[in-house]
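Fold and contact review
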Amino acid sequence: MMKDIKNIYCVGRNYALHAKELNNEIPTSPFLFSKPTHSLVEANGQSITLPSNQGSVHFETELVIHIAKQFESGMKVDEIVDSMAIGLDLTLRDVQSQLKQKQHPWLLAKGFKNSAVVSDFIPFPGVEACEQLDFSLLKNGERVQVGNIKDLLFDLQTIIEFTAEHFGLGKGDIIFTGTPSGVGPLSDQDQLSLNWGGNEIGSCSVTMR
């Protein structure tokens, strides 16, 4: 699965409470950015190395969808998404704040190596089934973030159509769909567990270097 991933799209500010916790305006249309494929890493129990010399590294836990085929107008989510994962959109928060002040792109804050962490991909059960379960992040055994896609400002259908219209969307692309409130910093040796419906589907530890 990891080998076939092509483009990595991310939706910013897609949960109202998260936008508010970072003092951001709530968007009126989907707000997208991307990450390089070099940022991608699977959370399969290993240690992930992150930069220690660029300020705070924040976790942002998200549901990630995998696109199975080339998008065509009229396609529904359940037709085009074949699998899903729980991901971490890691962010150099201090760097991001500086970039925002200068009105510069976020790439330096969002696209660094190992900044797109994903669990194992599991079969996508459909939108309605997804809305019945929460995703969550445990840090050192404590649940620090929990979310449900029914709380998205822009639902999966809207995200898919918007991405396809503006950037193109095809087989192997993945979309980080947005993070709920509760983001926070990571520290050296933190143990992370990515959960779907209470079951762990990915884990890793953090090495700050």
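These figures come from a predicted structure and were not determined experimentally.

What counts, and at which threshold
Residues numbered from 1 in each chain as written. Predicted model: local features only at pLDDT ≥ 70, side-chain atom pairs only at ≥ 80, totals over all residues. Heavy atoms only, no water. Helix = DSSP H or I, 4+ residues; strand = E, 2+ residues; numbered from the N terminus. Expected span 1.5 Å × (residues − 1). Buried < 20%, exposed > 50% of the residue type's maximum accessible area, 1.4 Å probe, protein only. Pairing = 2+ DSSP bridges. Axes fitted to C-alpha atoms, helices over the stretch in contact; angles between N-to-C directions. Contact = heavy atoms within 4.5 Å. Phe/Tyr/Trp six-rings, centres within 6.5 Å; stacked < 30°, edge-to-face > 60°. Lys NZ or Arg CZ within 6 Å of the ring centre and 35° of its normal. Salt bridge = Lys/Arg side-chain N within 4 Å of Asp/Glu carboxyl O. Core = buried A, V, L, I, M, F, W, Y, C linked by side-chain atoms within 4.5 Å.

Some words on helix α6 (residues 156-167)
- An ideal rise of 1.5 Å per residue puts 16 Å on 12 residues; α6 measures up with 16 Å between its terminal C-alpha atoms.
- Restricting attention to buried positions, one finds in α6 the residues Leu156, Gln157, Ile159, Ile160, Phe162, Thr163 and Ala164.
- Directly after α6, the chain includes Gly168, whose backbone phi takes a positive value near 90 degrees.

Concerning the sheet that holds strand β11 (residues 135-139)
- The five strands lie next to each other as β4-β16-β15-β11-β12, forming an open sheet whose pairing is mixed. Both edges of this open sheet fall to β4 (44-50) and β12 (142-147), since each of them pairs with a single strand only. Averaged over all pairs of adjacent strands, the angle between their axes in this sheet comes to 25 degrees, without regard to strand direction.
- Of the pairings in the sheet, the one linking β11 to strand β15 (residues 191-196) comprises five bridges and is antiparallel in character. Bridge pairing links Ser136 to Asn195 in β15.

Focus: the environment of Ser205
- Residue position: Ser205 is located in strand β16 (residues 199-208).
- The buried category is assigned to Ser205, whose relative accessible area is 13%.
- When the C-alpha positions of Ser205 and Asp134 are compared, they lie 22 Å apart, and in sequence the two are 71 residues distant.
- When near neighbours in sequence (up to four residues on either side) are disregarded, Ser205 contacts Gln46, Ser47, Ile48, Asp190 and Gln191.

Things to note about the packing of aromatic side chains
- Under the defined criterion, the tally for this structure stands at three aromatic pairs.
- Of note, Arg13 hangs over the ring of Phe31, and the distance from its end group to the ring centre comes to 4.8 Å.

Focus on the pattern of salt bridges
- Summed over all chains, the structure comprises four salt bridges.
- The salt bridge involving Lys35 is made with Asp89; its shortest N-O contact spans 2.8 Å. Placement of Lys35 in strand β2 (residues 31-35) and of Asp89 in strand β7 (residues 81-89) is noted, with a sequence separation of 54 residues between them. Of the two residues, Lys35 and Asp89, both sit in the buried class.
- One salt bridge in this structure joins Lys110 and Asp89, with 2.8 Å as the shortest N-O distance. In this pair, Lys110 sits in helix α4 (residues 107-110) while Asp89 sits in strand β7, placing the two residues 21 residues apart along the sequence.
- Classification of Lys110 by relative accessible area gives buried; the value is 3%.
- Three or more residues joined by partner-sharing salt bridges are found here, namely Lys35, Glu60, Asp89, Arg93 and Lys110.

Digging into the nonpolar core
- Counting residues in hydrophobic clusters, the biggest one holds 50 residues, and the most contacted among them are Leu50, Leu90 and Ile160.
- Element by element, the count of residues in this core is highest for α6, at five residues.
- Apart from the residues within four sequence positions on either side, Leu50 is in contact with Val57, Leu90, Phe112, Asn114, Leu186, Val206, Thr207, Met208 and Arg209.
- One finds Ile8, Cys10, Val118 and Phe176 within the second-largest nonpolar core, a separate group that totals 13 residues.

Some details on the sheet that holds strand β14 (residues 184-185)
- The three strands lie next to each other as β8-β5-β14, forming an open sheet whose pairing is antiparallel. Each edge of the sheet is formed by a strand with only one pairing partner; in this case those strands are β8 (91-92) and β14.
- As judged from the two bridges shared by strand β5 (residues 57-59) and β8, these two strands associate in the antiparallel manner. Residue pairing for β8: His58 is matched across the bridge by Thr91.

In short, shape yes, function no, at least from these values alone.
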